[in-house]
Structure formats: structure tokens, C-alpha cells
Amino acid sequence: MTQQTDQFKKVISHAKEYGFVFPSSEIYDGLSAVYDYAQNGVALKNNIREYWWKAMVQLHENIVGIDAAIFMHPTTWKASGHVDAFNDPLIDNKTSKKRYRADVLVEEYVAKIEAKIEKEVQKAAKRFGAAFDEAQFRATNPRVLAHQENAEAILKRLGQSLEKEDLADVKALIEELEISCPESGSREWTDVKQFNLMFGTKLGASADTAMDLYLRPETAQGIFVNFLNVQKTARMKLPFGIAQTGKAFRNEIVARQFIFRMREFEQMEMQFFIPPGTQKEWYAQWKENRMKWHLALGMGEEKYRFHDHEKLAHYADAASDIEFRFPFGFKELEGIHSRTDFDLSSHEKFTGKKLQYFDPERNENYVPYVVETSIGLDRMFLAVFSNSLTEEVLEGGATRTVLKFPYALAPNKAAVLPLVKKDGLPELARTIVEDLKWDFQTVYDEKDAVGRRYRRQDALGTPFCITVDHQSLKDQTVTLRERDSMEQKRIAIQELKAIIQAQVSITSLLKQI
Ligand code: ATP
């Protein structure tokens with residue numbers, strides 16, 4: 001087993017064992033690519049959502065939030081282009097009968113070439129030691145350059161074929177690259193076909209009056225159709241944004257990699273309405289702003305990179321992904337898209353209603369342009385969770401498993417532990433919980449030896465453990481243990497709240513942006 005898959009398996013099993021993520025309807029053997037968030041998972045997810053919401057809505061005077069319904073008038077999806085163009089190119093392997101996304105097969109092939117480049121770099125770094133100049137090596141080494149050129153040529157051809165909807169060429173590319181089915185090893189492929197990702201359902205009771213609906217595949221359209229309502233009632237002037245978090249549904253062909261690609265998931269999107277012609281600057285600004293939001297979490301700059309798109313979606317004039325290094329490699333975490341006036345103009349056409357803004361400075365009416373930021377909450381959860389899961393070897397050889405969550409995102413901020421279950425220690429511990437619980441999620445734990453309780457809280461990612469012992473009864477002090485350093489300090493009980501609060505609040509995180 002490779003180190004990567006091994007680490008990813010640990011992520012999935014830890015998420016289940018410690019009450020973060022369960023497979024949906026597990027007693028019925030689960031439902032493919034659908035998951036439930038458990039008692040600790042829901043807290044982590046809520047904290048991520050709160051961090052995003054506050055960064056967008058609370059910190060920006062010109063961004064407001066809404067919560068639109070999942071069901072929308074079906075013509076919405078005609079106008080948005082999803083009925084005609086929200087397709088993935090799929091291909092079946094004739095031997096294994098497995099279905100794949102044709103573009104993903106090619107991208108995985110390219111990822112292998114990129115892995116070869118990284119290997120070359122690592123080998124050279126070892127050979128040259130301190131004198132190694134990585135940038136120069138990447139720019140001049142013939143083997144690296146050849147791999148690079150090959151990877152770029154393949155991606156370019158894939159992008160062009162998809163752009164032209166030349167599915168025969170996508171198949172030809174798969175055959176030329178001799179890509180085989182990961183399951184059967186066979187190279188017997190069907191033709192590439194388009195597959196619409198929207199889930200259909202019906203509204204209404206009787207067969208003849210029922211209306212065909214879709215479960216929304218993105219939250220963005222709920223914002224576009226409310227653009228004028230919000231602009232008028234909130235008296236917003238351009239540029240301004242509308243933010244929303246909520247469920248989206250996609251019938252993904254290849255739904256795997258745990259909560260990375262789900263059929264029911266949650267998005268956090270913000271559409272920023274701007275005057276036409278200013279999209280380049282706003283696109284650059286939102287790219288930068290969103291990257292700062294990620295970096296403020298302190299998970300390491302090297303974990304992120306931008307990937308600017310060659311192949312643009314039907315609505316975009318520029319698009320970039322913020323990719324994160326998941327246990328299975330760099331993958332899209334968030335998209336920043338310059339969506340032009342595509343959506344609003346299209347809704348104008350389909351509804352016959354004007355969706356325009358009167359710009360007092362330009363003294364004209366126009367359909368605003370839009371730059372959007374769109375991040376999957378579940379993917380962000382996976383990024384935080386997988387990055388935080390750490391196994392440490394301690395002095396003496398024992399190991400401890402720690403979820404090193406950014407403090408503000410941790411499900412529980414403090415655990416209060418009476419050293420023993422007698423002599424009035426539980427009672428004092430309870431009064432501390434009673435005091436702290438108004439400001440942050442605090443838990444009480446008295447079962448097992450205190451060392452085991454520390455390990456349990458480490459595995460849940462709790463930043464602080466507060467241990468109440470006999471001395472506490474005498475002088476009203478406790479031991480405050482910090483999760484990552486395991487450092488222990490004697491602290492007066494009345495100082496606890498201020499010390500912990502200063503480190504665990506979302507506010508402290510927001511200030512890092
Ligand atoms: P991908 O290329 O991975 O399918 P996408 O480019 O279709 O993603 P967008 O339509 O830009 O994704 O959606 C914005 C964000 O929503 C993505 O960056 C991702 O974080 C999240 N997202 C999209 N599809 C899924 C899914 N099936 N499961 C979980 N999150 C998703």
C-alpha cells in the first residue's frame with residue numbers, strides 16, 4: 001500500500017471511530033457517495049461555515065447573505081445552461097463494466113507524469129544537498145522539461161477537444177495514451193458520451209399537473225434570481241456581493257474519495273456584482289482574498305496552489321482553482337470564476353424581465369458582471385481534517401494520535417477532567433464547565449485514568465484540557481494542558497476563560513486574514 005492511500009484510510013477510519021463522519025444509512029449498507037456528519041463532525045462543519053460566513057458577510061460592508069430554496073423554477077436551469085451543458089464526458093470499460101469520467105482518466109495519467117517530475121526533483125535534491133537550486137533544476141533538466149512538455153500537450157489537447165465537444169478525440173487520446181481500466185487493466189473502451197449531472201424530481205401530487213424539477217446542482221442560481229430583490233431592498237450599490245451556504249446535488253459519475261466527491265454536498269458561494277470592464281481586477285482581488293482566508297488557518301502555505309483553467313465553463317471568461325494537497329494529491333478545493341454577465345443576461349432572456357442596475361456614476365443601465373468564489377464545505381472539511389490528523393512518536397516510543405485542528409475550528413474547545421471521581425473534584429470540575437459553557441463548547445470527562453483522557457481529547461482535537469486536582473480545592477488553580485505542545489501550566493480558575501477565549505475564538509482567526 002502506498003503511503004498516500006495508507007494515510008487516507010486512516011483519515012476515513014478516524015472520522016468514523018471518533019464520531020465525525022458516518023456513511024449514510026449504514027445499517028442498510030450505506031448509500032454510495034452520501035455521508036452523514038456525526039456529533040463531532042457537525043461541530044467542525046458548523047465552525048468552518050461560521051468562519052467563511054463571518055469572513056464574507058460580517059467583515060464586508062458590501063456583502064449580504066441569503067438562504068434560497070433548493071427547489072427552483074425549472075426554467076432557471078434552462079437559462080443557466082445546466083439542462084444543456086452540465087454534462088460530464090463518461091466512458092465505460094467493456095471488460096469491467098466500470099464507468100469513468102473520460103477527462104479524469106486523462107488527468108490521472110497526467111498526474112502520474114507530474115509525480116515522475118517530483119521524483120526527479122527529490123532525487124536531485126538528495127544528490128546536490130544544500131547547493132540544490134530547485135527552480136533552476138526544474139527550468140533546465142531535460143528529463144523534467146520533456147515530462148512537463150508532454151503533460152502540458154496532453155492537457156491542452158484534452159481542453160481543446162472538450163471545448164469543441166469532440167468526444168471522439170477524447171476517446172482517441174485515451175487510446176493513444178494506452179490508458180487502461182484501473183480495475184480490469186483492459187483497454188477495451190466504449191465511445192465517450194455526455195451525461196447530465198442534475199437529479200430530477202417532481203413537484204405536485206397528480207401525474208398530469210406535476211411539474212418536473214431539479215435538485216439544484218449549485219447554489220449560485222438562487223443568488224442570481226434574487227439579484228434585484230436584494231439590490232433594491234438592501235439598497236446596495238455596485239460593487240456588492242451576495243453570499244450563501246447550502247446544499248447542492250450532483251449525480252456524479254465517479255463518486256469516490258470519501259467526502260471529496262459526494263452526490264449531496266454543501267457549497268459556500270459568493271457572487272460579487274461589478275460594473276462590466278472591471279472583472280479582471282476583481283477576479284485578481286478575490287483570488288488573493290480567498291487565498292488569504294485559507295492561509296490564515298495556518299495549515300501551511302505549501303499545501304495550496306492556484307490552477308488557472310485552460311478549459312472554461314460555458315459561463316466564464318476566466319477561472320482558477322485553489323487546489324489543496326489532499327492525502328491523494330493536489331485537487332480542487334475552491335473555484336474563483338469570472339462569470340461575465342452570462343447568468344443575469346440569460347435570466348433576462350428567459351423571463352423577459354430586466355435584471356439591470358442603474359449606475360449613477362456612469363449614468364447608464366447595465367447588466368452587472370459577476371466574479372464568484374465557490375467552495376465546497378465538505379471538501380474544506382476534508383482538507384482541515386486530513387491535514388490535522390497526525391501521529392506522533394513520543395519520548396519512550398509510545399505514539400499518540402492528534403487532530404491538530406486550527407483551534408477556532410475544533411469541535412470542543414476545552415475538556416474539564418477531575419483527576420479522581422471523589423473528594424469533591426467532580427463537583428469543582430462541573431462548576432468550571434458551567435462557567436465556560438456560555439462562551440465555548442466545553443465537555444466534562446471523568447472516565448479512565450487522566451492520561452487516557454488526554455489521549456481521547458487529542459484524538460478529538462480538543463485544544464485545551466483542564467485538570468482539577470486536590471490542590472485546586474485549596475487554591476482554586478487547575479492544570480491547563482495545551483494539545484500540540486502537551487505543555488501544562490498551573491492557572492487560576494478565574495483566568496481560564498480569558499486565556500482560552502483569546503486563542504479559540506473565530507475572531508482571532510478572522511484577524512489573521
Ligand atoms: P470538480 O471539477 O471537482 O467536479 P467543479 O469544478 O465541478 O468540481 P464547481 O462547480 O466549481 O466544482 O463547484 C465549486 C466547489 O464545490 C468545488 O470547488 C468543490 O469544492 C465543491 N464541489 C463540487 N462538486 C462537489 C462534489 N460532488 N462533492 C463535494 N464537493 C463538491
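First, a word on scope: everything that follows refers to the structure included in this document. (Residues numbered from 1 in each chain as written. Predicted model: local features only at pLDDT ≥ 70, side-chain atom pairs only at ≥ 80, totals over all residues. Heavy atoms only, no water.)

### Some points on the packing of aromatic side chains
Basically, it comes down to this: Centre distance within 6.5 Å is the pairing criterion for rings of Phe, Tyr and Trp, where only the six-membered ring of Trp is used; planes under 30 degrees apart are then read as stacked, over 60 as edge-to-face, and the remainder as tilted. Helix numbers and strand numbers start at the N terminus; a helix is a DSSP run of H or I with at least 4 residues, a strand a run of E with at least 2. Residue burial is assigned from relative accessible area. The probe radius is 1.4 Å, only protein chains are included, and a residue is buried under 20% of its type maximum, exposed over 50%, and partly exposed in between.
Within the structure shown, the criterion is met by 26 aromatic pairs. Relative to Trp-286, the ring of Phe-272 has its centre 5.3 Å away and its plane inclined at 65°; by these criteria the two rings are edge-to-face. On the criterion of sequence distance, the pair formed by Phe-272 in strand 10 (residues 264-274) and Trp-286 in helix 11 (residues 279-295) is long-range, its members being 14 residues apart. Taken individually, Phe-272 and Trp-286 each receive the classification buried, so the pair is uniform in this respect.

### Let's talk about the packing of helix 14 (residues 425-436) against helix 17 (residues 496-504)
Using the following cut-off: Every axis corresponds to a line fitted to the C-alpha atoms, with the helix fit spanning only the stretch in contact, and the corresponding angles, defined between N-to-C directions, vary from 0 to 180 degrees. Small angles under 35 degrees read as roughly parallel and large ones over 145 as roughly antiparallel, with 65 to 115 read as roughly perpendicular and the rest as oblique. In this scheme the handedness of a crossing depends on how the near helix is turned from the far one: anticlockwise by less than a right angle means left-handed, clockwise means right-handed. Any two residues having at least one pair of non-hydrogen atoms within 4.5 Å are treated as being in contact. Note on residue categories: nonpolar means Ala, Val, Leu, Ile, Met, Phe, Trp, Tyr, Cys or Pro, charged means Asp, Glu, Lys or Arg, and polar means any other residue, Gly included.
Packing of helix 14 against helix 17 leaves a shortest axis separation of 11 Å and a crossing angle of 50°. In terms of axis orientation, helix 14 runs oblique to helix 17. Seen from above, helix 14 lies across helix 17 with right-handed handedness. Residues Ile-432, Asp-435 and Leu-436 of helix 14 form the contact with helix 17, whose participating residues are Leu-496, Lys-497 and Ile-500. Its residues placed into classes, the contact of helix 14 with helix 17 shows four nonpolar, no polar and two charged.

### With respect to the pattern of salt bridges
Stated formally: Salt bridges are defined by distance alone: a side-chain nitrogen of Lys or Arg within 4 Å of a carboxyl oxygen of Asp or Glu.
Under the criterion given, the structure shown has 40 salt bridges. Two residues, Glu-26 and Lys-16, come together in a salt bridge whose shortest N-O distance is 2.8 Å. Pair noted here: Glu-26 is in the loop between strand 1 (21-23) and strand 2 (35-37) and Lys-16 is in helix 1 (residues 3-17), with a separation of 10 residues, a long-range link. Residue Glu-26 is classed as partly exposed on the basis of its relative accessible area, which comes to 38%. A relative accessible area of 36% means that Lys-16 is categorised as partly exposed. With a closest N to O distance of 3.9 Å, Glu-175 and Lys-171 form a salt bridge. With Glu-175 and Lys-171 both in helix 8 (residues 167-176) and four residues apart, the pair spans about one turn of that helix. Given a relative accessible area of 16%, Lys-171 falls into the buried group. By sharing partners, the salt bridges in this structure join Glu-392, Arg-400, Lys-404, Arg-455, Asp-458 and Arg-481 into a single network.

### So, the side chain of Glu-218
Rule in force here: In protein, a polar contact means a hydrogen-donor-capable atom and an acceptor-capable atom, both N or O and within 3.5 Å, with residues adjacent in sequence counting only if both atoms are side-chain atoms; elsewhere, any N or O pair within 3.5 Å suffices.
Locating Glu-218 in the fold gives a position in the loop between strand 8 (211-214) and helix 9 (220-224). Within the local environment of Glu-218, its side chain forms a polar contact with the side chain of Gln-221, the two groups lying 2.9 Å apart. Looking at Glu-218, its side chain comes within polar contact range of the side chain of Arg-339, at 3.2 Å. Once you skip the residues sitting within four places of it in the chain, Glu-218 turns out to touch Trp-77, His-82, Ala-248, Arg-250, Gln-267, Glu-269 and Arg-339.

### Structural notes on the sheet that holds strand 4 (residues 87-92)
Selection rule: Strand pairing is assigned whenever DSSP detects at least two bridges linking the two strands.
Strand order in this open sheet of three strands is 5-4-6, and the pairing throughout is antiparallel. Every other strand in the sheet has two partners, leaving strand 5 (99-101) and strand 6 (193-196) as the edge strands with one partner each. Strand after strand, the sheet turns through a mean of 50° between neighbouring axes, direction not considered. Where strand 4 and strand 5 come together, three bridges link them in antiparallel fashion.

### Observations regarding the environment of Lys-97
By the element assignment, Lys-97 lies in the loop between strand 4 and strand 5. A relative accessible area of 68% means that Lys-97 is categorised as exposed. A C-alpha to C-alpha distance of 9.2 Å links Lys-97 and Ser-184, two positions 87 residues apart in sequence. In this structure the side chain of Lys-97 is engaged in a polar contact, spanning 3.0 Å, whose partner is the backbone oxygen of Lys-94.

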